[in-house]
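# Analysis of the macromolecular model
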Amino acid sequence: MGQRSGSGRCTVVVGCQWGDEGKGKIVDVLAEGVDVVARYQGGANAGHTVHVGDEEFILHQIPSGILHGDRRCLLGNGVVLDLLQFFEEHDALRERGIEVDGHVGVSLRAHLLLPYHRVLDRASEAGAREKIGTTGRGIGPAYEDKAGRRGIRVADAADSHRFEALLAEGVQRARLHLERLDQTVDEAALEEALEASRALRGRIAELAVDTGLEIDRALARGENVLLEGAQGTALDLDHGTYPFVTSSNTTAAAAATGTGIGPTRITDVLGVVKAYTTRVGNGPLPTGFDPAMDERMRELGGEFGATTGRPRRCGWFDAVLARHAARVNGLTGLAVTKLDVLDSLDEIQLCTGYRMGGELVEEFPADTFGLEDAQPVLESHPGWKAPTTEARRLEDLPSGARAYLDRIEELTGAPTRMVSVGTRRSQIIRVG
Ligand code: IMP
């Protein structure tokens, strides 16, 4: 066997906070220069909002690269594919005139998320003493089935008998589990959703591909590939604020296992951070604001969940978390988003460390429960009080905004490659 050929660039875009960093916009901008865009983890819990002209698209499963016409958009094996939601999104895009036929492929190895996973998710949250605040999309139970080696994969959809048998087993197991949780089920709704899922079996089988092989071959032809992460580093199953995390590895290494390429195929890792911090769902947020400021930032930044509509909690930029994210993801660059949201503030703070039990902590701690009581060590920056939305080069920014970005870069240790200053595609500063 010879050495691997191929000179295409393979870039991972990864969230470096608690999700909702604006990855959809960054992926949308980068998709211009690539041939293939692939999702590598998560499912319909993600919500990527992209503005094209006056239109808004919220994508939950299909990569936002689809909005660019002739890109190939893949869902890798690391994704849990919600069959009903997937085709709802797929068909809605088609109805809005977006070309989907021939552009979307799903991994043969991806696990299917079925209606009972959602029921189980909600039931286990309802019965839990310590609630995670999940999106209720069935993500945890679907990954549990995968790790428990009882999941149904896209590859199983090609065989109607096997699919039916596995589905019957899945439903039976879910019913037993729900009985144990003492939860009642809306039988009619579940049956209806199962019937709708059965009807989609043939359609998903038609879209099935080996994503690792397809991406590897694209790179070998010199094509460029974008691997799109969902959620963020602090929601990673291993490196986040466990147990207040999602059920997959969101970090960059998962882009290789979650699509089926070797890690040495990845050439760039772009970390996305919002110029401040938000979190939706439960768990610690060390830089969280007091209620009045929280409200103000939520309004300024439109910080409501794209998937659930829940209000996001807001706080100052947390450089301890960003540094942790830079290290565990091996960032080669940083994209700072929503800088313009800070334009009207008199003072802007950022967190350089935590006080925990009288000690100064500068590395993101593994003990999530200790983090609940962490006091942020904050550094104050004067607000620039001027619009940044028209800036297209760093030099166009007010000096205060540049100083703030320089400090983020210094504390994070990754070079700034992009700054987003508004929701539109054109509102972006590219560096270098
Ligand atoms: P799950 O992924 O639905 O199981 O939810 C687990 C945690 O991850 C909860 O705190 C959710 O609010 C959070 N979460 C999941 N997806 C996203 C996302 O796309 N953005 C922000 N938070 C998310």
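Coordinates for the structure precede this section.
Rules behind the numbers
Residues numbered from 1 in each chain as written. Predicted model: local features only at pLDDT ≥ 70, side-chain atom pairs only at ≥ 80, totals over all residues. Heavy atoms only, no water. Helix = DSSP H or I, 4+ residues; strand = E, 2+ residues; numbered from the N terminus. Rg over C-alpha atoms; globule rule 2.2 N^0.38 Å. Buried < 20%, exposed > 50% of the residue type's maximum accessible area, 1.4 Å probe, protein only. Contact = heavy atoms within 4.5 Å. Areas by Shrake-Rupley, 256 points an atom, 1.4 Å probe, with all protein chains shown as cover. Lys, Arg positive; Asp, Glu negative; His and termini not counted. Charge placed at Lys NZ, Arg CZ, Asp CG, Glu CD. Near = heavy atom within 4 Å. Nonpolar A, V, L, I, M, F, W, Y, C, P; charged D, E, K, R; others polar. Domains from an automatic or database assignment. Salt bridge = Lys/Arg side-chain N within 4 Å of Asp/Glu carboxyl O. Core = buried A, V, L, I, M, F, W, Y, C linked by side-chain atoms within 4.5 Å. Expected span 1.5 Å × (residues − 1). Polar contact = N/O pair within 3.5 Å; in protein donor to acceptor, adjacent residues only side chain to side chain. Pairing = 2+ DSSP bridges. Axes fitted to C-alpha atoms, helices over the stretch in contact; angles between N-to-C directions. Parallel < 35°, antiparallel > 145°, perpendicular 65-115°, else oblique. Left-handed = near helix turned anticlockwise from the far one by under 90°.

With that out of the way, let us pick up the overall build of the chain. Broken down by element type, the chain carries twelve helices and 20 strands. A compact globule built from 432 residues would reach a C-alpha radius of gyration of about 22 Å, and the chain, at 22 Å, matches this within 12%. Overall, the C-alpha framework of the chain stretches about 65 × 55 × 45 Å when taken along its three principal axes. Burial analysis of the chain (432 residues in total) assigns 55% to the buried set. Expressed as a percentage of contacts within the chain between residues at least 6 apart in sequence, the contacts between residues at least 24 apart total 77%. Carbon together with sulfur atoms contributes 48% to the accessible area of the chain, which is approximately 17900 Å² in total. Here the chain holds 49 positive side-chain charges and 64 negative ones, and the gap between their average locations is 3 Å.

The subject of this paragraph is the site of the ligand. Contacts to the ligand come from 16 residues, most closely from Asn45, Thr135, Thr246, Val280 and Arg310. Taking 470 Å² as the accessible area of the ligand by itself, protein coverage stands at 96%. Residue composition of the shell around the ligand, grouped by class: seven nonpolar, seven polar and two charged. For the shell around the ligand, the two domains that each supply at least three residues are domain 1 (1–107 + 210–432) and domain 2 (112–203).

Residue Tyr242 is joined to Pro243 through a cis peptide bond whose omega torsion reads 5°. Of note, the phi angle at Gln231 is positive, near 55°, even though the residue is not glycine. Checked against the element boundaries, Gln231 lands in the loop between strand E10 (225–228) and helix H8 (254–257). At Lys385, a position not held by glycine, the phi torsion is positive, near 50°.

This next bit is on the pattern of salt bridges. Two side chains with opposite charge may pair up if their charged atoms get near one another. In this structure the tally under the stated criterion is 31 salt bridges. In this structure, Glu214 engages Arg72 in a salt bridge whose closest nitrogen and oxygen atoms are separated by 2.6 Å. Here the residue Glu214 occupies a position in helix H7 (residues 211–220), and Arg72 occupies one in strand E5 (residues 72–75), the gap between them amounting to 142 residues. The residue Arg312 makes a salt bridge to Glu303 at a minimum N-O spacing of 2.7 Å. Per residue, the accessibility class of Arg312 equals that of Glu303, and both read buried. Residues participating in the shared-partner salt-bridge network are Asp20, Lys274, Glu303, Arg312 and Lys338.

This part takes up the nonpolar core. One recurring pattern in soluble globular proteins: nonpolar side chains tend to sit buried together. Formed by 54 residues in total, the largest nonpolar core has its most connected members in Ile215, Leu227, Met297, Leu339, Leu342 and Tyr404. Considering every element that reaches this core, the biggest residue donor is helix H12 (residues 399–412), with five residues. In contact with Leu227, not counting residues within four places along its chain, are Cys10, Thr11, Val12, Val13, Ala38, Tyr40, Ile215, Ala255, Thr259 and Ile261. Residues Val100, Val106, Leu178 and Leu207 belong to the second largest nonpolar core, which totals 37 residues.

So, on to helix H2 (residues 83–95). Here H2 is 13 residues long and its end C-alpha atoms lie 18 Å apart, about the 18 Å a rise of 1.5 Å per residue gives. Buried within H2 we find Leu83, Gln85, Phe86, Phe87, Glu89, His90 and Leu93. Capping the start of H2 is the job of one residue whose side-chain oxygen sits 3.3 Å from the backbone nitrogen of Leu84: Asp82. Of the residues one or two after H2, Gly97 is the one with positive phi, at around 90°.

Counting through the fold element by element, Glu228 comes out in strand E10. It is Arg39 that comes nearest to the buried, bridge-free Glu228 among opposite-charge side chains, at 5.3 Å. A polar atom in the side chain of Glu228 sits 2.6 Å from the side chain of His48. Those residues in contact with Glu228, other than ones at most four positions away along the chain, are Val13, Val27, Val37, Ala38, Arg39, Tyr40, His48, Pro63 and Ser64.

Attention now moves to helix H1 (residues 23–30). The element H1 is largely enclosed, with a buried count of eight among its eight residues. Those residues of H1 lying buried are Lys23, Gly24, Lys25, Ile26, Val27, Asp28, Val29 and Leu30.

Before going further, it helps to spend a moment on the pairing of strand E7 (residues 104–107). Both faces of E7 are covered, namely the face carrying Val104 and Val106 and the face carrying Gly105 and Ser107. Relative to E7, E5 runs parallel, the two being bridged by three bridges. Paired with Leu74 across the two strands is Gly105, which belongs to E7. In this sheet, strand E9 (residues 208–209) lies alongside E7 in parallel orientation, the contact comprising two bridges.

Further remarks concern the packing of helix H3 (residues 115–127) against helix H5 (residues 160–180). As a packed pair, H3 and H5 sit with axes 10 Å apart at the nearest point and diverge in direction by 15°. The angle between the axes of H3 and H5 places the two elements in the roughly parallel class. Along this stretch, H3 crosses H5, giving a crossing that reads as left-handed. Facing H3, whose interface residues are Tyr116, Val119, Leu120 and Ala123, H5 presents Leu167, Gly170, Val171, Ala174, His177 and Leu178. Per-class residue counts for the contact of H3 with H5 are eight nonpolar, two polar and no charged.

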